[in-house]
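Coordinate inspection notes
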Amino acid sequence: MKAGAATSLEEIIASEERYQLATYKKMPIAAEHGQGVWIYTSDGEKYLDLYGGHAVAGTGHSHFHVVAAIREQAEKLLFYSNLVYSEARARAAEKLISIAPESLSKVFFCNSGTEANENAMRVARMTTGRENIITFSGGFHGRTADSISATFLGKYREIGKPNVPGHLKAEFGDIESVRSLAGESVAAIMLEPIQSMAGVRLAAPGFYKSLRELCDERGIVLIYDEVQTGVGRTGEWFFAGSETGAGAVPDIITLAKALGSGIPVGACLVTEKISSSIKENDLGTTFGGGMIAMAAVTATLEAIENDGMLENVRTVAAYLRKCLADLPEVVSVRGLGFLLGLEFQDKAAPIHKALLDRKIITGTSSDPRVLRLLPPLCLQNAEVDLFIESLKVIGGSG
């Protein structure tokens with residue numbers, strides 16, 4: 001491949017396959033640029049993106065406000081570590097805390113969702129002096145050592161062997177299974193409030209309320225992994241404190257994915273009680289809190305506010321659900337806002353492929369019958385109509 005020369009899709013695929021270790025099974029697309037909910041490929045094709053690159057493109061692809069903020073910061077200072085103070089970091093921290101549930105008053109910035117979860121578990125152990133962490137069947141928390149050991153979904157925990165000790169599995173949605181494990185050795189209970197990769201599983205509101213009460217009763221730290229549900233995806237800034245979650249607010253919220261609109265960044269939001277137990281050098285990160293990432297965080301949150309994206313998610317998600325209700329092949333629609341799982345009568349993989357052939361990007365899940373939708377928060381009814389018409393054609397009802 002020559003720099004500056006036009007490169008074919010076949011050349012790009014051949015180069016990646018030659019020089020990169022395998023990760024995911026890739027779609028035959030080379031993304032070249034994007035705008036809003038659209039991805040444009042190296043060979044000039046246009047795709048409707050209803051997956052957002054694993055839920056990352058929350059504000060849409062290359063939102064002008066986020067791009068301008070990154071460009072402005074890059075011209076001033078690309079990076080310096082947490083050994084110095086930074087206006088960019090101060091602004092991002094203040095902005096993020098301003099939209100968080102009131103009891104969450106401090107933030108630790110890192111680089112990814114798995115790193116946020118690792119640090120959340122570490123902080124819980126430091127705070128309580130206990131070792132064990134309860135997580136749930138169907139939960140996914142990342143691929144680093146402690147996070148993958150906390151993951152009880154499919155093959156992932158096996159990939160992480162030898163696993164970090166001290167991880168206990170409860171059944172998602174079953175408070176009695178949690179209660180039976182929540183002894184004096186338990187530092188934290190951690191969960192995805194909506195289990196995305198497991199097929200977009202949501203528990204009854206009373207489950208979240210009961211978890212909060214159990215943690216209060218037994219001195220256990222409650223952690224919400226909102227790597228996917230946070231930053232507006234449910235139509236609210238966070239699942240924490242929502243009506244769907246019975247108003248329950250955890251002691252720690254972890255964030256990543258959409259937080260930087262594509263710039264790698266993660267965060268842990270914690271209560272004053274927890275932050276008061278953390279001393280200098282208990283936590284550390286080289287790149288976490290870097291200036292480019294912090295500019296992206298502030299601009300992302302501003303863009304969501306300025307463009308009214310939370311209200312847009314609620315309105316367009318309601319329209320999408322209404323349209324899906326008319327499709328006989330869709331058995332149920334799971335989830336909340338723009339984290340949706342479409343359950344089909346048969347396997348979803350053929351539908352995923354057929355949609356891709358019609359230039360619409362969606363996601364699958366560990367439930368073979370569930371197709372996942374994680375679109376940018378700026379999705380409009382007109383794009384929903386394109387998706388629904390394609391489903392009708394694929395299902396034979398169009």
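Residues numbered from 1 in each chain as written. Predicted model: local features only at pLDDT ≥ 70, side-chain atom pairs only at ≥ 80, totals over all residues. Heavy atoms only, no water.

Next up on the list: the packing of helix α12 (residues 309-324) against helix α14 (residues 381-395). Viewed as axis vectors pointing N to C, α12 and α14 meet at an angle of 20°, and their least axial separation amounts to 10 Å. Between α12 and α14, the angle is such that the two are roughly parallel. Classified by chirality, the crossing of α14 by α12 is right-handed. Along its contact with α12, which presents V316, Y319, L320, C323 and L324, the element α14 presents N381, V384, D385, F387, I388 and L391. Each residue belonging to the contact of α12 with α14 can be placed in one class, and the counts come to 9 nonpolar, 1 polar and 1 charged. (Axes fitted to C-alpha atoms, helices over the stretch in contact; angles between N-to-C directions. Helix = DSSP H or I, 4+ residues; strand = E, 2+ residues; numbered from the N terminus. Parallel < 35°, antiparallel > 145°, perpendicular 65-115°, else oblique. Left-handed = near helix turned anticlockwise from the far one by under 90°. Contact = heavy atoms within 4.5 Å. Nonpolar A, V, L, I, M, F, W, Y, C, P; charged D, E, K, R; others polar.)

Here we come to the sheet that holds strand β6 (residues 167-170). Read across the sheet, 7 strands follow the order β4-β12-β11-β10-β7-β5-β6 without closing on themselves; strand pairing throughout is mixed. With one partner strand each, in any of the chains shown, β4 (104-110) and β6 form the two edges of the open sheet. Here the average twist between neighbouring strands, direction ignored, is 20°. Bridge count for strand β5 (residues 132-136) against β6 is 4 bridges, and the pairing is parallel. Bridge pairing in β6 links T135 to K169. (Pairing = 2+ DSSP bridges.)

It is worth spelling out the packing of aromatic side chains at this point. For the structure on display, the rule yields 8 aromatic pairs. Members of the aromatic cluster, joined through ring pairs, are F136, F172, F207, Y208, Y224 and F239. Against the face of W38 rests K46, its NZ or CZ located 4.3 Å from the ring centre. (Phe/Tyr/Trp six-rings, centres within 6.5 Å; stacked < 30°, edge-to-face > 60°. Lys NZ or Arg CZ within 6 Å of the ring centre and 35° of its normal.)

What follows is about the sheet that holds strand β3 (residues 46-49). Across the sheet, which stays open at both edges, the 4 strands sit in the order β1-β2-β3-β15 with mixed pairing between neighbours. Lying at the two open borders of the sheet, with one neighbouring strand each, are β1 (31-35) and β15 (360-361). Where β3 lies against β15, 2 bridges are found, and the strand directions are parallel. Considered in β15, the bridge of L48 is made with I360.

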